Number of protein chains: 2
Amino acid sequence: MNTLAEENYLKCIYHLGMNAAIVSTNQIAASLNTKASSVTDMLKKLADKALINYTRYQGVTLTPAGEKIAIGIIRKHRLWEYFLVEKLNFKWDQVHDMAEEMEHISSQELVDRLDEFMGFPKHDPHGDPIPDCNGRFKTPELIPLSTLVVNQCGVISGVRDHTSPFLQYLEKQQLTIGKKITITDIIEYDHSVALKIETDKEIHISREVANNLLIAL
Amino acid sequence: MNTLAEENYLKCIYHLGMNAAIVSTNQIAASLNTKASSVTDMLKKLADKALINYTRYQGVTLTPAGEKIAIGIIRKHRLWEYFLVEKLNFKWDQVHDMAEEMEHISSQELVDRLDEFMGFPKHDPHGDPIPDCNGRFKTPELIPLSTLVVNQCGVISGVRDHTSPFLQYLEKQQLTIGKKITITDIIEYDHSVALKIETDKEIHISREVANNLLIAL
DNA sequence: TAAAAAATTTAGACTTATCTAAAATATGAA
DNA sequence: TTCATATTTTAGATAAGTCTAAATTTTTTA
Ligand SMILES: [Mn+2]
Ligand SMILES: [Mn+2]
Ligand SMILES: [Mn+2]
Ligand SMILES: [Mn+2]
């Protein structure tokens, strides 16, 4: 089995690998709030275990074995987040840190039964897809709200920023997962956006917020 | 906060302290499958943190602060065991090792909400009392089945041996928590016991099994 | 294309938790 | 009460994961 630190590195490399073919030491260090030298040490260890492809100075990619472990951890993370929100009534901005601990509970059978207990949910509270017990999941085409044009509509389906303040703000504005929105105006001056939520509420959000809200068309 | 190792030591000292006023280094070492020298190191650390009362060569007791932490961990352990059995349909012999990991999930609010979600259960799947959110719980007077006499009856309310083989055996014999039993015979030769479960089933168990089954009168 | 700058790795140290072997202390049997 | 034995502690080592500072390699820029 793998240590907690190893699991966190693998998960981190997986997430960073979504945006780039290869992942650099410094990216990992920044993401894990650690130092580049610590990362190098761990990369050697993970390479020895054949969980990453690593050549000095050249960055890393996950091997299939490493990716499988990473996806397993992400599956657990998202299922526990779903559990915390749906069963224990936490808010979507409260669950990430708890899930960071729970994702390391090792039992495979536990997570599979948890999945079944909750009815095999497809998405976590933040709209991210939950891998099934074989590690398979679909990543639907989502685009930032900021790329929509006036009169275009879509459904809020994800967030790019998972921090508490952002999620709390969205909730207060009723900008939650599943809501249908229609762009009513885009202010040229600051690229802020006016939009209608479902059929009634009309609100106005900054460019930054629009950039971090993901929409399914 | 305390490390995983510290939490395990505190819990261990608490459990050993149920049977003796003071707990010895060797007892802890045996219980944690570690060496006496490792225990001594940790005892110094816990004493520095004022979680135990420790004088060299004299054994240890928990301070109120240490006991509070220990009870908190036991509360989490038992609530998670209850969850695993009642919500995820695990058998009572399968849940201990998973709970050993889950008891270290740190959030106090999580465990309190879990408690509420399950309706504030009073006992875990093995009959052990679950402390409430203030750490309070009752330990009912339980006696080994081996101390009963012929025609005496009682309710199975706990086990002294929590290992999988013993629990599986009990389940197969329908000797599960809550069942009412009546002693029908005690064999002098080997101190084995014949008994009736509820009103129908008549079975015969060894002295050893009778010793590890706890009864409420 | 050769410095300069940035990124990465290495060297050496620290912390936590563990171990073995040796020393110190306590206990209990004669 | 003394000495043999059991218990406990200390001394010194190891492994995982981290750090700072220095060295190395890559990348950028002039
Ligand atoms: Mn999360
Ligand atoms: Mn999430
Ligand atoms: Mn248990
Ligand atoms: Mn139990």
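Reading guide: rules and limits
Residues numbered from 1 in each chain as written. Chains lettered and ligands numbered in written order. Predicted model: local features only at pLDDT ≥ 70, side-chain atom pairs only at ≥ 80, totals over all residues. Heavy atoms only, no water. Donors = N, O, S within 2.8 Å, 3.2 Å for Na, K, Ca; no water. Helix = DSSP H or I, 4+ residues; strand = E, 2+ residues; numbered from the N terminus. Buried < 20%, exposed > 50% of the residue type's maximum accessible area, 1.4 Å probe, protein only. Polar contact = N/O pair within 3.5 Å; in protein donor to acceptor, adjacent residues only side chain to side chain. Contact = heavy atoms within 4.5 Å. Expected span 1.5 Å × (residues − 1). Least-squares fit on C-alpha atoms with pLDDT ≥ 70 in both. Near = heavy atom within 4 Å. Nonpolar A, V, L, I, M, F, W, Y, C, P; charged D, E, K, R; others polar. Domains from an automatic or database assignment. Buried area = accessible area lost by both parts, 1.4 Å probe. Salt bridge = Lys/Arg side-chain N within 4 Å of Asp/Glu carboxyl O.

**With respect to the coordination of the manganese ion (ligand 1)**
Residues and elements named next belong to chain A.
No. 1: Bound to the manganese ion (ligand 1) are the protein donor atoms His77 (NE2), Glu81 (OE) and His96 (ND1), situated 2.0 to 2.1 Å from the metal.
No. 2: As a motif over one chain, the donors of the manganese ion (ligand 1) read H-x3-E-x14-H.
No. 3: If you look at the manganese ion (ligand 1) and the manganese ion (ligand 2), they sit 3.5 Å from each other and are both ligated by Glu81. Of this pair, Glu81 sits in helix H4 (residues 64–86) while His96 sits in helix H5 (residues 96–102), and the two are 15 residues apart along the sequence.
No. 4: We classify His96 as partly exposed; its relative accessible area is 31%.

**Focus on the side chain of Lys11 of chain B**
All names here are of chain B.
No. 1: Of note, Lys11 is situated in helix H1 (residues 4–17).
No. 2: Classification of Lys11 as buried rests on a relative accessible area of 9%.
No. 3: Polar contacts involving the side chain of Lys11 include one to the side chain of Glu103, which spans 2.9 Å.
No. 4: Once you skip the residues sitting within four places of it in the chain, Lys11 turns out to touch Ala70, Ile73, Ile74, His77, Glu100 and Glu103.

**Thoughts on H1 of chain B**
No. 1: Between its first and last C-alpha atoms H1 of chain B spans 20 Å; for 14 residues at 1.5 Å apiece the expected length is 20 Å, and the two agree.
No. 2: Packed against the buried residues of H1 of chain B are helix H2 (25–32), helix H3 (36–48), strand E1 (52–54), strand E2 (60–62), helix H4 (64–86) and helix H5 (96–102) of chain B.

**Things to note about the relation of the copies chain A and chain B**
No. 1: Here chain A sits on chain B after a turn of 180° about the axis and a move of 0.0 Å along it, with an RMSD of 0.0 Å. Given the turn and translation reported, the copies of this chain are related as if by a two-fold rotation axis. The C-alpha atom lying nearest the rotation axis in chain A is that of Met102 of chain A; the distance is 3.8 Å.
No. 2: Of the interface residues in chain A, 100% have counterparts in chain B that sit at the interface too, so the contact is made through matching surfaces.

**With respect to the protein's contact with DNA strand C**
No. 1: Around DNA strand C sit 22 residues in total, of which Tyr54 of chain A together with Thr3, Thr34, Ser38 and Lys45 of chain B are the nearest.
No. 2: Separating a phosphate oxygen of DNA strand C from a side-chain N or O atom of Thr25 of chain A is a distance of 2.9 Å.
No. 3: Between DNA strand C and the protein, one listed contact pairs a base oxygen with a side-chain N or O atom of Asp41 of chain B at 3.5 Å.
No. 4: When residues of the surface near DNA strand C are traced back to their parent elements, those giving at least two are helix H2 (25–32) and helix H3 (36–48) of chain A together with H1 and H3 of chain B.
No. 5: Among the elements that take part in the surface near DNA strand C, H3 of chain B stands out by supplying five residues, more than any other.

**Some details on the protein's contact with DNA strand D**
No. 1: Taken together, 20 residues lie around DNA strand D, and Thr3, Thr34, Ser38 and Lys45 of chain A together with Tyr54 of chain B are the ones closest in.
No. 2: Sugar plus phosphate, as a fraction of atoms of DNA strand D within 4 Å of the protein: 72%.
No. 3: Separating a base oxygen of DNA strand D from a side-chain N or O atom of Tyr57 of chain A is a distance of 3.2 Å.
No. 4: Elements supplying a minimum of two residues to the surface near DNA strand D: helix H1 (4–17) and H3 of chain A together with H2 and H3 of chain B.
No. 5: Counted by class, the surface near DNA strand D contains six nonpolar, nine polar and five charged residues.

**Describing unusual backbone geometry**
Residue and element names in this part refer to chain B.
No. 1: The phi dihedral of His191 falls on the positive side, at around 60°, and the residue is not glycine.
No. 2: Assignment of secondary structure puts His191 in the loop between strand E5 (180–186) and strand E6 (193–197).
No. 3: In this structure His191 comes out as partly exposed when scored by relative accessible area, which is 40%.

**Quick look at the domain arrangement of chain A**
Residues and elements named next belong to chain A.
No. 1: Per the domain assignment, the segments making up chain A are domain 1 (4–62), domain 2 (72–139) and domain 3 (143–216).
No. 2: Look at where the C-alpha atoms of domain 2 and domain 3 centre, and you get two points 25 Å apart.
No. 3: Both faces combined, the contact of domain 2 with domain 3 buries some 790 Å², and carbon together with sulfur accounts for 58% of it.
No. 4: Contact with domain 3 buries area across many residues of domain 2, yet Trp92, Asp93 and His126 alone supply 72% of it, more than any other trio.
No. 5: On the surface where domain 2 and domain 3 come into contact, there are zero salt bridges.
No. 6: There are four residue pairs in polar contact (both at pLDDT 80 or more) connecting domain 2 and domain 3.
No. 7: Of the residues contributing to the side of domain 2 that touches domain 3, the split by class is two nonpolar, two polar and three charged.

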